[in-house]
Structures are given as C-alpha cells and as structure tokens.
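Listed below, chain by chain, are the residues.
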Amino acid sequence: MATTTANSSMLGTSGATFAPLTVPKRLLLGPGPSNSHPSVLNALSQQPVGHLDPFYIQLMAEVQGLLRDVWQTSNRLTLPMSGTGSAAMEATIANVVEPGDTFLVAIKGYFGNRLADMASRYKANVQTIDKKWGEAFSLQELEEAIIKYKPAFLALVHAETSTGVCQPMEGIGDLCRKHNCLLILDTVTSLGSIPLYLDDWKVDLAYSCSQKGLSCPPGLGPFTMNERAEEKLNKRTGKVPNWYLDVSLLNKYWGSDRVYHHTAPVNMNFGIREALRLILEEGLEATWTRHKLNALELWNGLEDLGLSLHVPSDIRLPTLTTVSIPSNVDGKAFSLHLLNNHGVEIGGGLGELAGKVWRIGLMGYNSNKTNVDKILNLFDSELPKFKS
Ligand SMILES: *Cc1c(COP(=O)(O)O)cnc(C)c1O
C-alpha cells in the first residue's frame, strides 16, 4: 500500500502535495479561543514525558493546587478533564445526575440551552426558566422556580459568552442550600479573569476551559466538585453512565493511587500549569482588575464612536462585550474584513442575537491596552466603509 517517493513532499492518496504547516497570525478578540501566552506556548512545545513519570505525577498535583487557588476553592476533587469546556460541562452532569432527578436550568443564552440538552441525555427531568438574551436572573426569580420545581440541581452560567451577561451570584448558593439543591456553575468565561469565589458562593460543581481566560489553547476542561456533590455521586445506585468522564475512575489516577485511566494529554497539562502559574504571579485580584479596566476602556471607546452596547453596565461582562450592529451595517462583512485584511477576529451573534451583535472578547493574555486601542482604531477607521 505505502509508496515510497523520491520527492520529499508528502504524497496524499489524491496526489496532492502538502507544504509544511504555516499558521496565519491572528489576534483573537472573539468569544474564544483567545491567544495563548508565549510562555504557555513554550511549555506546550516541550517533549512529552510519560503520564506516570514521577515528574508528571508531581506536575498533576501542582495543576490541581493551582486550579483550587484560581477558583478559590478547597475542593479535593479538582482536576482538568481531557477535553474542552463542554467535556467538563458534561462531567458535572454525568457524575451526579441520576435518571428522573429534577434538573433546573436558568437559561439566559446559548450555553444554558446546552446544559439542558446534556441533562436530558442523562435522563434528568429537565425544567427550565428563561430570560431574554442580554438579561440576568434576580434572586427572587430563581427562588420562585426552585419552590415550584423542587429540583435536585440548579444549573447556571456565570459568564454567558453568547450575550455578554455576568450573572450576579449574591445569595444563590444559600438559596440552594436552603432548598437542598446542588448548584452547578459554568465558569468557562469567568475563571482567571473576573471575580469568582467558588467556596464563598457555595457552588457545588463547576467547570471551565483552557482557551478563554487562561491564555492556553483549547484542550482541557477544569472540573471541580465539593463534598456535597461527592455524596450525591457516592449514593448513586448505578455506574456513572459515561466511562471517560467518570470522576470515581479518574480520581484513582488524579488521587493517590495513580492508576492508569487514559493517557493524559501531558503537554496540555504543561501548558495549563504555566497558564495558571502566570495568573497567580500577576495576582488574582490584579488579573481581575486588569480585565475590568481594559473592558471599561473598550466600552467607553465604543460608545464614543456612537455604538451601543447590548447589555446594561451593571451586569456587563468584562471578558465579552456584545456590541449592537447598527441597522445600516452588514455586520458579517465587517467582521470578515477585520479578519481577512487586519488579522483580527471578532465574533458574531448566536441564536436570538444572530445578525444583531458583534462579540468582542478581551480574555486573559489578550486583555491589554494595545489590543483595546487596536480594535477601537479599527472600528473608527474601517466601520464607516461598511455603512450603507
Ligand atoms: C465556550 C463555552 C463553553 C464550551 O466550551 P468549549 O471549550 O467550547 O467546549 C461552555 N460554556 C460557556 C459559557 C462558554 O463560553
């Protein structure tokens, strides 16, 4: 089958030849991935070590400790799932949800819908409450729904990347404890970039990803669960219906036993260790402040250009800004122009907001003044060309 060619270029079955890979330089100011920190890229490019090498075992413990610090939790079961944020999202559901459990999702955007879809696949009794895309839930609305549905779980998205809304968390954890319900929180676009206090907020299960606030490429999904959630897992009558994401198996690898489960993506773990270390080196509070100040500058600059922001300022998310597309502008043509002619990626709207907003991300390494100036200058100089 294999043919040897004298030519050094690779010959595919189609006869096409392939040049060595070159990737265009992009500034990723969309909803994710965002650009990786150069020292994270350096960590990723090291030779792998064995996934049971003593060096790696030590590194795993460090990654777990760093994740606890950045999440502000003391949860024993804290580890990065091998997979993206959605894998970690699925892990929160797969491990604790049993068929028939009432699973309440407070939906205010695209990712709330994904949570409801996933929970339904694990045969939960899914109930939902909905908000317009661009709004957040009040504590009273959540309490009314909890009283009505008496759920075993309340699932919420902290930072809704599809709308640019940050859900205020005050009182929600206490509400869930009072009504004996476990709180699942999506922290994909908040971890490492905006204030997040998992234990103080009494969050029972949470997940995130490597490619948004953490300045790492996509590939890992940080996951954590507290003792209340562990108790639910331990009381299950059947096996966790997902082998790959089963925390009771994974814990034998990430815990003290170090039993092989799957070959860990070791280089991704080199990368996330460096990414988390950089956040703590800068300081969590300093990181949060940087994101807030750069976002404020972006918001003011966009408004100075006469643009309006989709989300009211009190619930606006520093990591992801939704900008209303003026009615006389072809929004898609403008973002394609930025990508093709300026190497800058911004996002378009999803679902209810498709065609109505642009989404500008300032996450992790990308949250800096140079990038804010760059995108504001591009809106200033290029947008007029797209007005009809
Ligand atoms: C990106 C995102 C996800 C999904 O993460 P992937 O890494 O794309 O699988 C989930 N929730 C929110 C809020 C997100 O922004």
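Residues numbered from 1 in each chain as written. Predicted model: local features only at pLDDT ≥ 70, side-chain atom pairs only at ≥ 80, totals over all residues. Heavy atoms only, no water.

A closer look at the environment of lysine 131
Reasoning step 1: Within the secondary structure, lysine 131 sits in the loop between strand E6 (125-130) and helix H5 (139-149).
Reasoning step 2: Residue lysine 131 is classed as buried on the basis of its relative accessible area, which comes to 18%.
Reasoning step 3: Residue contacts for lysine 131: discarding those within four places in its chain leaves Ile107, Lys108, Ala136, Phe137 and Glu141.
Reasoning step 4: Within the structure, the side chain of lysine 131 is placed 2.9 Å from the side chain of glutamate 141, a separation counted as a polar contact. (Helix = DSSP H or I, 4+ residues; strand = E, 2+ residues; numbered from the N terminus. Buried < 20%, exposed > 50% of the residue type's maximum accessible area, 1.4 Å probe, protein only. Contact = heavy atoms within 4.5 Å. Polar contact = N/O pair within 3.5 Å; in protein donor to acceptor, adjacent residues only side chain to side chain.)

Regarding the site of the ligand
Reasoning step 1: By nearness alone, 15 residues border the ligand, and Thr84, Ser86, Thr161, Asp186 and Lys212 come closest of all.
Reasoning step 2: The side chain of threonine 84 places a nitrogen or oxygen atom 2.6 Å from an oxygen atom of the ligand.
Reasoning step 3: Note that an oxygen atom of the ligand is positioned 2.8 Å from one of the side-chain N or O atoms of glutamine 211.
Reasoning step 4: In isolation the ligand has 380 Å² of accessible area, and contact with the protein removes 90% of it.
Reasoning step 5: The set of elements that each furnish at least two residues to the shell around the ligand consists of helix H3 (85-96) and helix H4 (110-121).
Reasoning step 6: Counting residues per element, the shell around the ligand draws most heavily on H3, which supplies 3 residues.
Reasoning step 7: Grouping the amino acids of the shell around the ligand by side-chain chemistry returns 6 nonpolar, 6 polar and 3 charged. (Near = heavy atom within 4 Å. Areas by Shrake-Rupley, 256 points an atom, 1.4 Å probe, with all protein chains shown as cover. Nonpolar A, V, L, I, M, F, W, Y, C, P; charged D, E, K, R; others polar.)

Quick look at the pattern of salt bridges
Reasoning step 1: A full pass over the atoms with the stated rule returns 18 salt bridges.
Reasoning step 2: One network of salt bridges, with partners in common, ties together Glu98, Asp101 and Lys232. (Salt bridge = Lys/Arg side-chain N within 4 Å of Asp/Glu carboxyl O.)

Some points on the packing of helix H10 (residues 284-304) against helix H12 (residues 369-382)
Reasoning step 1: Contact geometry for H10 and H12: axes closest at 10 Å, N-to-C directions at 15°. Compared by their axis directions, H10 and H12 come out roughly parallel. The two elements H10 and H12 meet at a crossing, and its hand is right-handed. Side by side, H10 and H12 meet where Asn294, Glu297, Leu298, Gly301 and Leu302 of the first sit next to Lys369, Val372, Asp373, Ile375, Leu376 and Phe379 of the second. (Axes fitted to C-alpha atoms, helices over the stretch in contact; angles between N-to-C directions. Parallel < 35°, antiparallel > 145°, perpendicular 65-115°, else oblique. Left-handed = near helix turned anticlockwise from the far one by under 90°.)

Looking at the UniProt feature "binding site: substrate" (unreviewed entry) in the chain
Reasoning step 1: Under the UniProt annotation, "binding site: substrate" (unreviewed entry) lies at Arg359.
Reasoning step 2: According to the relative accessible area criterion, arginine 359 is buried, its value standing at 7%. (UniProt positions renumbered as here; feature names shortened; annotations may be inferred.)

Considering empty space enclosed by the protein
Think of a ball as big as a water molecule: rolled over the atoms, this probe shows where empty space is left.
Reasoning step 1: Tallied over the full model, the rule gives 1 cavity of 30 Å³ or more.
Reasoning step 2: Of the voids in this model, the largest cavity is the one considered here, and its volume is about 40 Å³.
Reasoning step 3: Surrounding the largest cavity, Leu79, Pro80, Met81, Ser82, Tyr244, Leu245, Leu250, Trp254 and His262 form its lining.
Reasoning step 4: Elements represented by at least two residues in the lining of the largest cavity include exactly strand E4 (77-82) and helix H8 (247-254).
Reasoning step 5: The dominant element in the lining of the largest cavity, judged by the number of residues it contributes, is E4, at 4 residues.
Reasoning step 6: In terms of residue class, the lining of the largest cavity is built from 7 nonpolar, 2 polar and no charged. (1 Å grid on protein atoms, 1.4 Å probe; cavity = no way out; pocket = protein on both sides within 12 Å on 5 of 7 lines; lining within 4 Å. Points joined across faces, edges and corners; volume = space filled by probe spheres on them.)

Focus on the pairing of strand E16 (residues 357-361)
Reasoning step 1: Counting buried positions along E16 gives 5 out of 5 residues, so the element sits mostly inside the fold.
Reasoning step 2: Here E16 shows no split at all, with Val357, Arg359 and Gly361 on one side and Trp358 and Ile360 on the other all buried.
Reasoning step 3: Across 5 bridges, the pairing between strand E13 (residues 320-324) and E16 is antiparallel. Residue pairing for E16: valine 323 is matched across the bridge by tryptophan 358.
Reasoning step 4: As defined by bridge partners, strand E15 (residues 347-348) adjoins E16 across 2 bridges and the pair is classed as antiparallel. What sits directly across from glycine 347, in E16, is arginine 359. (Pairing = 2+ DSSP bridges.)

Some words on the nonpolar core
Reasoning step 1: Met81, Phe103, Leu154, Leu156 and Met225 are the most contacted members of the largest nonpolar core, which has 88 residues in total.
Reasoning step 2: In terms of residue count, the dominant contributor to this core is helix H2 (residues 54-71) (9 residues).
Reasoning step 3: Ignoring any residue separated from it by four or fewer positions in sequence, one finds phenylalanine 103 in contact with Ile93, Val97, Leu115, Ala119, Ala124, Asn125, Val126, Gln127, Phe153, Ala155 and Ile184.
Reasoning step 4: Core analysis: the second largest hydrophobic core is formed by 24 residues, Val329, Ile346, Val372 and Ile375 among them. (Core = buried A, V, L, I, M, F, W, Y, C linked by side-chain atoms within 4.5 Å.)

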